[in-house]
There are 2 protein chains.
Amino acid sequence: MTTSLQPGATIGILGGGQLGRMLSVAASRLGFKTHIFEPGSNPPAGHVAETVTTASYEDVDALRAFAQSVDVITYEFENIPTSALDILEAIRPLHPNRRALATSQDRIIEKSFLNEIGLKTAPWAKVTDAASLEVAIADVGTPSILKTTRLGYDGKGQARIMAPEEASEALAAMAGAEAVLEGFIDFSMEISVIAARGTTGEVACFDPGQNVHKNGILHTTTVPAQIPESLRMDAVLMAAKILNTLDYVGVMGVELFVTKGGLIVNEIAPRVHNSGHWTQAGCTVDQFEQHIRAVAGWPLGDGTRYADVEMLNLIGDDVLRVPEFAKTPRVQVHLYGKAEAKPGRKMGHINKVL
Amino acid sequence: MTTSLQPGATIGILGGGQLGRMLSVAASRLGFKTHIFEPGSNPPAGHVAETVTTASYEDVDALRAFAQSVDVITYEFENIPTSALDILEAIRPLHPNRRALATSQDRIIEKSFLNEIGLKTAPWAKVTDAASLEVAIADVGTPSILKTTRLGYDGKGQARIMAPEEASEALAAMAGAEAVLEGFIDFSMEISVIAARGTTGEVACFDPGQNVHKNGILHTTTVPAQIPESLRMDAVLMAAKILNTLDYVGVMGVELFVTKGGLIVNEIAPRVHNSGHWTQAGCTVDQFEQHIRAVAGWPLGDGTRYADVEMLNLIGDDVLRVPEFAKTPRVQVHLYGKAEAKPGRKMGHINKVL
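Note that the coordinates shown come from a computational prediction; the quantities given were computed from them, not determined experimentally.

Things to note about the sheet that holds strand β5 (residues 124–127) of chain B
By way of backbone hydrogen bonds, the strands of a sheet pair with one another, either parallel or antiparallel. Residues and elements named next belong to chain B. Read across the sheet, four strands follow the order β5-β8-β6-β7 without closing on themselves; strand pairing throughout is antiparallel. Across the chains shown, the open sheet's two edge strands, defined by having one partner strand only, are β5 and β7 (158–161). Strand after strand, the sheet turns through a mean of 25° between neighbouring axes, direction not considered. Sheet topology note: the strand β6 (residues 144–148)/strand β8 (residues 179–183) ladder contains five bridges and is antiparallel. For Lys-147, the partnering residue across the bridge sits in β8 and is Val-180. Contacts from helix α5 (residues 107–116) reach β5, β6, β7 and β8, with the element oriented near 50° to β8. Against the sheet, helix α6 (residues 130–140) makes contact with β5, β6, β7 and β8, and its axis sits at roughly 175° relative to β5, the strand it touches most.

So, the interface of chain B and chain A
The figure often quoted for interface size is the accessible area lost as the parts come together. Taken together, the 33 residues of chain B in the interface contact 34 residues of chain A. Both sides of the chain B and chain A interface together cover about 2,800 Å² of buried area, and 56% of this is carbon and sulfur. If you look at where chain B meets chain A, you find zero salt bridges. On inspection of chain B and its partner chain A, the count reaches 13 residue pairs in polar contact (both at pLDDT 80 or more). Of all the secondary-structure elements, those providing two or more residues to the side of chain B that touches chain A are α1 (18–29), α11 (322–326) and β16 (331–335) of chain B. The leading source of residues in the side of chain B that touches chain A is β16(B), at five residues. Grouping the constituent residues of the side of chain B that touches chain A by class yields 16 nonpolar, nine polar and eight charged.

Describing the relation of the copies chain B and chain A
It takes a turn of 180° to lay chain B on chain A, together with a shift of 0.0 Å along the axis; the resulting RMSD is 0.0 Å. In symmetry terms, the pair is related by a two-fold rotation axis. Every residue of chain B has its C-alpha some distance from the rotation axis, and the shortest such distance is that of B:Val48, at 1.9 Å. An overlap of 100% is found between the interface residues of chain B and their copies at the interface of chain A, pointing to a shared contact surface.

Looking at helix α2 (residues 60–69) of chain A
All names here are of chain A. When we look at burial in α2, the residues that qualify are Ala-62, Leu-63, Phe-66 and Ala-67. Projected onto a plane normal to the axis of α2, the buried residues spread over an arc of 130° and lie on a single side. Considering only its buried residues, α2 is in contact with β1 (10–14), β2 (33–38), β3 (51–54), β4 (72–75) and α3 (82–89).

Thoughts on the side chain of B:Asp286
Residue and element names in this part refer to chain B. Structurally, Asp-286 is set in the loop between α9 (279–282) and α10 (287–295). Note on Asp-286: relative accessible area 8%, which makes it buried. Here the side chain of Asp-286 touches Phe-288 through a polar contact of 3.0 Å, landing on its backbone nitrogen. Here the side chain of Asp-286 touches Glu-289 through a polar contact of 2.8 Å, landing on its backbone nitrogen. What Asp-286 contacts, discounting residues up to four positions off in sequence, is Arg-29, Phe-206, Thr-279 and Gln-280.

Brief notes about the sheet that holds β3(A)
All names here are of chain A. Here we have four strands laid out as an open sheet, ordered β3-β2-β1-β4, and parallel in their pairing. Both edges of this open sheet fall to β3 and β4, since each of them pairs with a single strand only. Neighbour-to-neighbour, the strand axes of this sheet turn through a mean angle of 20°, independent of strand direction. Relative to β4, β1 runs parallel, the two sharing four bridges. Paired with Ile-11 across the two strands is Val-72, which belongs to β4.

Describing the domain arrangement of chain A
Assigned domains of chain A: these are domain 1 (10–94), domain 2 (123–183) and domain 3 (187–353). If you average the C-alpha positions of domain 2 of chain A and of domain 3 of chain A, the two centres end up 28 Å apart.

Things to note about helix α8 (residues 229–245) of chain B
Residues and elements named next belong to chain B. The end-to-end C-alpha distance of α8, which contains 17 residues, comes to 24 Å, matching closely the 24 Å that a straight helix rising 1.5 Å per residue would cover. Of the residues making up α8, those classed as buried are Leu-231, Arg-232, Ala-235, Met-238, Ala-239, Ala-240, Ile-242 and Leu-243. Positioned one or two residues after α8, Asp-247 has a phi angle of 50°, which is positive.

Describing the packing of aromatic side chains
Residues and elements named next belong to chain A. What the rule picks out here adds up to 13 aromatic pairs over all chains. Look at Phe-32 and Trp-298: their rings are 6.1 Å apart centre to centre, the planes differ by 70°, and that puts the pair in the edge-to-face class. Here Phe-32, found in the loop between α1 (18–29) and β2, pairs with Trp-298, found in the loop between α10 (287–295) and β15 (309–315); they are 266 residues apart in sequence, far enough to count as distant. On the basis of relative accessible area, Phe-32 is assigned to the buried category, the value being 2%. A relative accessible area of 8% places Trp-298 in the buried class. Where Tyr-57 meets Phe-77, the ring centres are 6.2 Å apart and the plane angle is 35°; that geometry is what we call tilted. Taken as a pair, Tyr-57 in the loop between β3 and α2 and Phe-77 in the loop between β4 and α3 lie far apart in primary sequence, 20 residues in all.

Notes on the pairing of strand β12 (residues 217–223) of chain A
Residues and elements named next belong to chain A. Judged by how many residues are buried, β12 sits mostly within the fold: five of seven residues are covered. Two elements, strand β11 (residues 209–214) and β12, share five bridges in a ladder whose sense is antiparallel. Residue Val-212 lies in a different strand from β12, and its bridge partner there is Thr-220. Between β11 and β12, which pair antiparallel one after the other, the connecting turn spans two residues, and Asn-215 there sits at a positive phi close to 55°. One ladder, built from four bridges, connects β12 with β15; its direction is antiparallel. In the strand pairing of β15, Val-223 is matched with Val-309.

Structural notes on the packing of α1(A) against α1(B)
Relative to each other, α1(A) and α1(B) sit at 160°, their axes nearing to 11 Å. For the element pair α1(A) / α1(B), the angle class is roughly antiparallel. Where α1(A) crosses over α1(B), the two elements pack in a sense that is left-handed. Within the contact between the two elements, α1(A) uses A:Arg21, A:Val25 and A:Ser28 and α1(B) uses B:Arg21, B:Val25 and B:Ser28. Considered class by class, the residues forming the contact of α1(A) with α1(B) number two nonpolar, two polar and two charged.

Side note on the pattern of salt bridges
Residue and element names in this part refer to chain A. Tallied over the entire structure, the rule returns 34 salt bridges over all chains. For the salt bridge of Lys-126 with Glu-178, the shortest nitrogen-to-oxygen distance reads 3.5 Å. Within this pair, whereas Lys-126 is found in strand β5 (residues 124–127), its partner Glu-178 is found in the loop between α7 (167–173) and β8 (179–183), the two being separated by 52 residues in sequence. Residue Glu-178 is classed as partly exposed on the basis of its relative accessible area of 31%.

A short note on the packing of α2(A) against α3(A)
Residue and element names in this part refer to chain A. It is at 9 Å that the axes of α2 and α3 come closest, and there the two elements cross at 40°. As the angle between them shows, α2 and α3 are arranged oblique. Remark: the crossing between α2 and α3 carries right-handed chirality. When α2 is examined against α3, the residues Val-60, Leu-63, Arg-64, Phe-66 and Ala-67 are found in contact with a partner set consisting of Ala-84, Ile-87 and Leu-88. Class assignment for the residues of the contact of α2 with α3 results in seven nonpolar, no polar and one charged.

Conventions and cut-offs
- Residues numbered from 1 in each chain as written.
- Chains lettered and ligands numbered in written order.
- Predicted model: local features only at pLDDT ≥ 70, side-chain atom pairs only at ≥ 80, totals over all residues.
- Heavy atoms only, no water.
- Pairing = 2+ DSSP bridges.
- Helix = DSSP H or I, 4+ residues; strand = E, 2+ residues; numbered from the N terminus.
- Axes fitted to C-alpha atoms, helices over the stretch in contact; angles between N-to-C directions.
- Contact = heavy atoms within 4.5 Å.
- Buried area = accessible area lost by both parts, 1.4 Å probe.
- Salt bridge = Lys/Arg side-chain N within 4 Å of Asp/Glu carboxyl O.
- Polar contact = N/O pair within 3.5 Å; in protein donor to acceptor, adjacent residues only side chain to side chain.
- Nonpolar A, V, L, I, M, F, W, Y, C, P; charged D, E, K, R; others polar.
- Least-squares fit on C-alpha atoms with pLDDT ≥ 70 in both.
- Buried < 20%, exposed > 50% of the residue type's maximum accessible area, 1.4 Å probe, protein only.
- Arc of directions from axis to C-beta.
- Domains from an automatic or database assignment.
- Expected span 1.5 Å × (residues − 1).
- Phe/Tyr/Trp six-rings, centres within 6.5 Å; stacked < 30°, edge-to-face > 60°.
- Parallel < 35°, antiparallel > 145°, perpendicular 65-115°, else oblique.
- Left-handed = near helix turned anticlockwise from the far one by under 90°.

The structure is reproduced here in structure tokens:
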């Protein structure tokens, strides 16, 4: 696809969470409508979409009708069943492509891909049972972390192994799912690059942000990351290599560890990313619009950073602090329209211009 | 109303054009849903609203159902029939209030109000027929401009009178409607102040912008306006006086002429205003969010200007230049999702960070 969508076209988005919501707003800025496909009821993205389909990814008729009603399909989360993608892709273009999805849906495929193109990851080994876990621990060492290869996010589906005798408990936590053992990395910080690639192959990266996690969930992203210029360049080149190799179209989040031996890829997410929310307050064109531009075949926008920004996630009851943030100078409040503030639930974020 | 709306509340917006569209997006940022009431089909605001009611302002049942479904009512244009307001206001709070609407709906009421609170306007006289027009011309002089007192915008319902002999032709253009004759003002520029007032009475003004019109329609707004600091202060104080006197809640656009004798009020608009679109690229909180904050009973946000910006309207076929603007650094593109680019129709705008 090298032609660009015309004004009035409809972008189909799989997933109706906060990322879909902010993608939908960005699409409106460029004159597009959106159609959200989401199994859950009352999705946050639905409040700002032209159309919402509430149906499961097993509902073939709903998938077909959705695809036929839109001009291009994208997604806000990567765990879409293959069977649904088969149906959708036969009807309309899908960006980012299947290879990007398949790569990021499975930690082993992802790590193998990254290693194959010459990028470092933490030492890792595949684990399917007690025997392979024993081999993996001998190989990767402890402390290490056992993760299901699929469907994990925000610290879910993970178990730490501080010493070999914790192996069986960790394995039990995987509940029979295929897993990967990852060695701990001695890193000074985590950074992420929000990278975009357009249909003509042009690549643009936002300035790397510095991430701090709390209880396995992103807490803050601060730009600029406190790293030397050479690492900044390395990070951007690594991201570009990933996108180019995958013939990627759209925005990707690339998480990297800064170590004494250079940058190590933590993981990639084939979508707009929580660590890129700061772009709403620091750039002329934010990550959401950049993604919409890419999947719509538009030229990428100007994502040059013009301000120092700290993004703070509002998790669960953090949202009770909104009245305070609403009064604070240089602070942008973003709420996701979620009804209930459950523990660990991302309710919104703030961008503070520093 | 001194309590603030809770997350998940719904803001009802009368009018579904581009202003309603951008208000709806701003509402989503703060976790609110919107319900658009608009007589026309396929309104631009409907693409990003939770609910759209397509009905006329004479449809009593539709008005009642709309009001009952929302928590507060605001509007994106001022020419709402009084009968509709009576129905709506009996059910839910309306911001800005009836007095602001009544004042701005009628040029004579507006000018009288401004003069009463000590603000200068162009010399003016009421015109109902040929005899009163003759008196008015004698009083106000020529060149002057005859305008219908109600329902005029973007140069519509206006006729210039360069010399007394053009009087009858100008009067015919009013088609029997009550009119006002306004004297020409010798001004060096037009500026506008986008002012906001919250439910607690706090007032915040964005930095005045400098407006250039073309064919009676706003062409560009540039900030900062090239005026001395003293005039900037005058402009802001005048706007604050208007809002305070009207016990106003929301954002208002105040257009002013810069003359040798100081500032003269051209007109006021009790809503977000085209000359405030630059705030999307130059402030942490833009005029749309400021309006939503005010009507929702939130504290006003930080509207401090951090960049120099030029806003350029895309009128009719100007929209064909979008591919060029999409590639231009420091340019934000905003399209309104209108299907057809008619001459004189506002299709979008760009904000260029200077």
